[in-house]
Amino acid sequence: MVNPARPFELLVCLIALALGLAAWFISDTFPRTAEGYLGPALFPKLLAVGLAAASLGLIYRNLRLPGLAASFGLLAWGNLLRIGGVLLALLLTPWALDKLGLLGSAGLLVLLSCLLLGARWLEALLTALFMVAFVYVVFVQLLKVPL
Amino acid sequence: MSFFSLESFIAMILGALYGVLFGSLPGLTATLAISLFIPIAIFLDPAVAFSAIIGITATAIFAGDIGATAMRIPGTPASAAYTEEIHQIGKERSPAFALGISALSSALGSLVGIAILIGGSLGLAQVAKQFSSFEYFWLVLLGIVSGVFASPSMAKGLIAFGVGMLIATIGYDPALGTPRFNFGNPNLLGGISFIVALIAFFGVAEVLNNIYSYRKGPPPAPNPNQNRSVAQEFFGAAGRLVWRERRLLLRSSLLGTFIGFLPGAGSDLAAWISSNFTRLRRGSKEQVTLSGASSNNAAVAGTWIPALSLGIPGDTLTAIVLGMFLTMGITPGPDLFAKNLGFVVQLYMAFILASLLMMPLVGYLGAALISTLLRIPLRLLLGAVMGLCLVGTYAINRNPFDLYLLVVLGLLGLLMQRGGFPVGQLILGMVLGPLLEQYLMMSLIKTQWDLTAFFSRPVAVGLAVCNLLLIVGMLWLRRQRARPSNP
């Protein structure tokens with residue numbers, strides 16, 4: 001069964017399984033209660049069991065169905081690269097905050113995002129400038145939110 | 001002091017507009033709106049100050065739906081319960097129709113809540129006093145069970161809930177205060193901010209999802225419904241739908257008021273439980289939106305029941321307002337009705353006025369604004385949303401670390417969205433997880449880990465049976481639906 005959602009489903013299940021296993025083992029290091037009960041580790045361990053069971057069930061079902069390799073062929077690699085570009089821009093924002101301040105960084109991020117979404121240079125630039133002005137007027141001047 | 005002066009009326013309108021701005025912008029909450037207003041309010045006449053506060057509380061929760069409709073970013077956690085549905089209605093039909101359902105059902109839900117507030121404050125507050133950690137545990141579990149079964153795939157619902165609840169375990173544990181999963185990073189000691197998670201899972205993930213679906217070529221044909229008159233869609237079509245669904249609206253409003261008056265539950269939980277019950281019954285997108293919007297606004301009135309009659313705040317918003325009461329020399333509690341009956345009556349009337357006038361008026365303005373906004377090409381609108389996500393996230397704590405979280409959680413949101421996992425249930429897990437753990441641990445510690453104590457009180461047993469019936473009933477229903485139909 002070829003389905004573009006399957007690679008993502010498999011990836012989320014693997015992440016959930018890894019999170020469950022990590023929660024199980026890390027919570028072993030939490031202190032127990034005075035009576036010797038699990039204490040702060042109890043809830044994460046319950047969640048770990050639930051996550052592992054549900055994700056293993058879905059992984060098994062996903063691997064058993066035919067067409068997984070063909071489903072990977074449907075991935076839009078070019079657009080995944082664009083997403084990588086936006087996330088990289090967002091990751092660099094804390095660094096840009098020091099140099100450009102929040103308004104400048106927000107403007108730059110809007111500009112990059114618009115360009116990666118296929119906008120022309122001029123319209124992307126105008127959107128970024130409008131966004132900076134909007135944030136300044138609404139957040140800073142009108143609502144007095146300290147930024 | 002009078003709530004029926006021109007100054008009070010103007011204060012209510014200005015409060016409503018101020019509340020709408022905070023409610024609709026990601027990162028700004030109703031609590032923040034009230035907190036920033038308090039330094040001004042203490043210098044005002046009490047009637048003027050409370051008129052403004054009622055205007056803010058009446059509209060800030062509803063206004064969360066404006067961001068959800070326009071950008072798929074819920075302005076408040078209460079709107080997250082039905083963000084997917086209201087955003088879809090806005091896209092497929094028109095934002096005016098989506099916001100019409102939300103505003104009209106919010107106003108009516110709020111009126112139901114106020115009617116109960118007027119009629120049964122003292123009696124209902126006595127019921128709330130019967131709730132101990134055992135009853136709360138079963139009630140929260142009911143919210144989780146209904147959420148899991150409300151997902152199209154139970155396994156995916158479980159994973160979404162599990163991941164959400166696990167994210168919420170980061171930081172100090174709610175019962176014993178032990179730091180967990182912070183890996184020595186002080187930024188994680190207080191846990192992951194709920195607002196950052198909302199912006200990441202709904203806002204950033206939506207932008208990334210649109211980038212993933214991006215194809216070069218001519219833009220998609222415009223939706224013909226977008227050209228219909230805003231007033232016709234907002235009042236006409238949505239009004240007819242709300243009237244048709246009046247029974248669902250009444251049920252959701254009653255449920256919302258009930259959950260709202262339980263201390264600590266609040267409008268978020270009310271919206272989630274109510275909309276999940278509608279999903280369980282395979283309700284349409286419109287019905288889910290209507291039940292969520294009516295119950296969260298009914299819950300706002302519900303939170304005032306224990307606040308006024310017992311002096312116990314139902315949520316953080318009423319906690320701040322109670323502080324205002326005390327500052328102004330008004331002591332909430334049973335004596336309030338004997339000593340300040342005139343004040344209480346005027347307060348109720350102001351609530352009714354805010355619900356009848358402010359929500360439809362402000363909702364209509366919001367719908368008109370969004371209808372204009374949606375004429376902007378998607379590539380530019382989504383770019384601007386990305387900037388708003390950055391500003392909204394940074395505005396909460398002014399901590400650059402939150403921006404790293406935005407990247408990680410936004411990417412996880414994209415993967416889940418593309419893989420068909422219900423992102424809304426992950427958010428619900430983040431809301432309900434800490435509550436479930438808190439009530440579980442409190443109950444275990446006070447009974448020295450005696451599990452039979454969970455079944456020792458009549459209301460607790462009733463709620464436990466509700467959970468069991470829901471699980472058995474839904475499993476049976478799923479089995480029936482999975483069977484091939486007879487030829």
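Residues numbered from 1 in each chain as written. Chains lettered and ligands numbered in written order. Predicted model: local features only at pLDDT ≥ 70, side-chain atom pairs only at ≥ 80, totals over all residues. Heavy atoms only, no water.

With an unreviewed UniProt entry as reference, chain B is termed DUF112 domain-containing protein, source organism Meiothermus taiwanensis WR-220.

In the annotation of an unreviewed UniProt entry, the entry for chain A reads DUF1468 domain-containing protein, and the organism field reads Meiothermus taiwanensis WR-220.

Peer 1: Report on the overall build of chain A, specifying residues and quantitative values.
Peer 2: Helices and strands together make up the secondary structure of chain A, namely 6 helices and 0 strands. Along the chain direction, N to C, the helices and strands of chain A fall in the order α-α-α-α-α-α. The C-alpha radius of gyration computed for chain A amounts to 23 Å, which surpasses the reference 15 Å derived for 147 residues by more than 25%, pointing to a less compact arrangement than a globule. Taking the principal axes of its C-alpha atoms as reference, chain A extends roughly 60 × 50 × 25 Å. Going through the 147 residues of chain A one by one, you find that 44% of them count as buried. In chain A, 58% of the contacts between residues at least 6 apart in sequence involve partners at least 24 apart. Summed over its atoms, the accessible surface of chain A is roughly 7,600 Å², and 75% of this surface lies on carbon and sulfur atoms. Charge separation in chain A, taken as the distance between the mean sites of 9 positive and 5 negative side-chain charges, equals 9 Å. (Helix = DSSP H or I, 4+ residues; strand = E, 2+ residues; numbered from the N terminus. Rg over C-alpha atoms; globule rule 2.2 N^0.38 Å. Buried < 20%, exposed > 50% of the residue type's maximum accessible area, 1.4 Å probe, protein only. Contact = heavy atoms within 4.5 Å. Areas by Shrake-Rupley, 256 points an atom, 1.4 Å probe, with all protein chains shown as cover. Lys, Arg positive; Asp, Glu negative; His and termini not counted. Charge placed at Lys NZ, Arg CZ, Asp CG, Glu CD.)

Peer 1: Run through the side chain of Arg-279 of chain B, naming residues and quoting values.
Peer 2: Residue and element names in this part refer to chain B. Counting through the fold element by element, Arg-279 comes out in helix 11 (residues 266–280). For Arg-279, a relative accessible area of 17% gives the class buried. Of note is the side chain of Arg-279, whose polar atom sits 2.7 Å from the side chain of Asn-276. Once residues within four sequence positions are removed from consideration, Arg-279 is found in contact with Ala-81, Tyr-82, Glu-85, Ala-150 and Val-288. (Polar contact = N/O pair within 3.5 Å; in protein donor to acceptor, adjacent residues only side chain to side chain.)

Peer 1: Give me the lowdown on the interface of chain A and chain B, citing residues and values where you can.
Peer 2: Accessible area lost upon the coming together of the parts serves often as the stated size of an interface. With 66 residues of chain A at the contact, the number on the chain B side is 61 residues. Summing both partners gives a buried area of about 5,800 Å² for chain A against chain B, and 85% of it is carried by carbon and sulfur. Among the residues of chain A in contact with chain B, Phe-43, Leu-117 and Leu-143 of chain A are the three that bury the most area, contributing 13% of the side total. Taken together, the links from chain A to chain B amount to 2 salt bridges. Note that Lys-156 of chain B is salt-bridged to Glu-9 of chain A, the shortest N-O span being 2.9 Å. Where chain A meets chain B, there are 6 residue pairs in polar contact (both at pLDDT 80 or more). Tallied by class, residues from the side of chain A that touches chain B come to 52 nonpolar, 9 polar and 5 charged. (Buried area = accessible area lost by both parts, 1.4 Å probe. Salt bridge = Lys/Arg side-chain N within 4 Å of Asp/Glu carboxyl O. Nonpolar A, V, L, I, M, F, W, Y, C, P; charged D, E, K, R; others polar.)

Peer 1: I'd like a rundown of the packing of helix 1 (residues 6–26) of chain A against helix 17 (residues 401–418) of chain B, residues and numbers included.
Peer 2: Taken N-terminus to C-terminus, the directions of helix 1 of chain A and helix 17 of chain B make an angle of 130°; their axes are 7 Å apart at the nearest point. As summarised for this structure, helix 1 of chain A and helix 17 of chain B are arranged oblique, according to the angle between their axes. Judged by the twist between their axes, the crossing of helix 1 of chain A over helix 17 of chain B is left-handed. Counting all contacts with helix 1 of chain A, which are made through Phe-8, Leu-11, Val-12 and Ile-15 of chain A, the residues of helix 17 of chain B involved are Leu-412, Leu-415, Met-416 and Arg-418 of chain B. (Axes fitted to C-alpha atoms, helices over the stretch in contact; angles between N-to-C directions. Parallel < 35°, antiparallel > 145°, perpendicular 65-115°, else oblique. Left-handed = near helix turned anticlockwise from the far one by under 90°.)

Peer 1: Requested: an account of the packing of aromatic side chains, with residues and values cited.
Peer 2: To describe a pair of aromatic rings, you give the distance between the ring centres and the angle between the ring planes. Enumeration over the complete set of coordinates arrives at 17 aromatic pairs over all chains. An angle of 15° between the planes, with centres 4.4 Å apart, marks the rings of Tyr-37 of chain A and Trp-449 of chain B as stacked. Here the residue Tyr-37 of chain A occupies a position in the loop between helix 1 and helix 2 (42–64), and Trp-449 of chain B occupies one in the loop between helix 18 (423–446) and helix 19 (458–482), the pair thus bridging two chains. According to the relative accessible area criterion, Tyr-37 of chain A is partly exposed, its value standing at 34%. Between the aromatic rings of Phe-234 of chain B and Tyr-364 of chain B, the centroid separation amounts to 5.7 Å while the plane-to-plane angle is 80°, which identifies the pairing as edge-to-face. Separated by 130 residues along the polypeptide, Phe-234 of chain B in helix 9 (residues 230–244) and Tyr-364 of chain B in helix 15 (residues 341–373) bring together distant segments of the chain. On the basis of relative accessible area, Phe-234 of chain B is assigned to the buried category, the value being 0%. Using a relative accessible area of 28% as the deciding quantity, one classes Tyr-364 of chain B as partly exposed. Through pairs of rings, three or more aromatic residues link up here, namely Phe-134, Phe-137, Trp-138, Phe-454 and Phe-455 of chain B. Over the face of the ring belonging to Trp-24 of chain A we find Lys-45 of chain A, whose NZ or CZ atom lies 3.9 Å from the ring centre. (Phe/Tyr/Trp six-rings, centres within 6.5 Å; stacked < 30°, edge-to-face > 60°. Lys NZ or Arg CZ within 6 Å of the ring centre and 35° of its normal.)

Peer 1: Give a detailed account of the environment of Phe-161 of chain B, specifying residues and quantitative values.
Peer 2: Residues and elements named next belong to chain B. Here Phe-161 shows up in helix 7 (residues 154–168). When the C-alpha atoms of Phe-161 and Leu-317 are compared, they prove to be 26 Å apart, with 156 residues separating the residues in sequence. With residues near it in sequence (within four places) discarded, Phe-161 still touches Ile-144, Gly-147, Val-148, Gln-425, Leu-428 and Gly-429.

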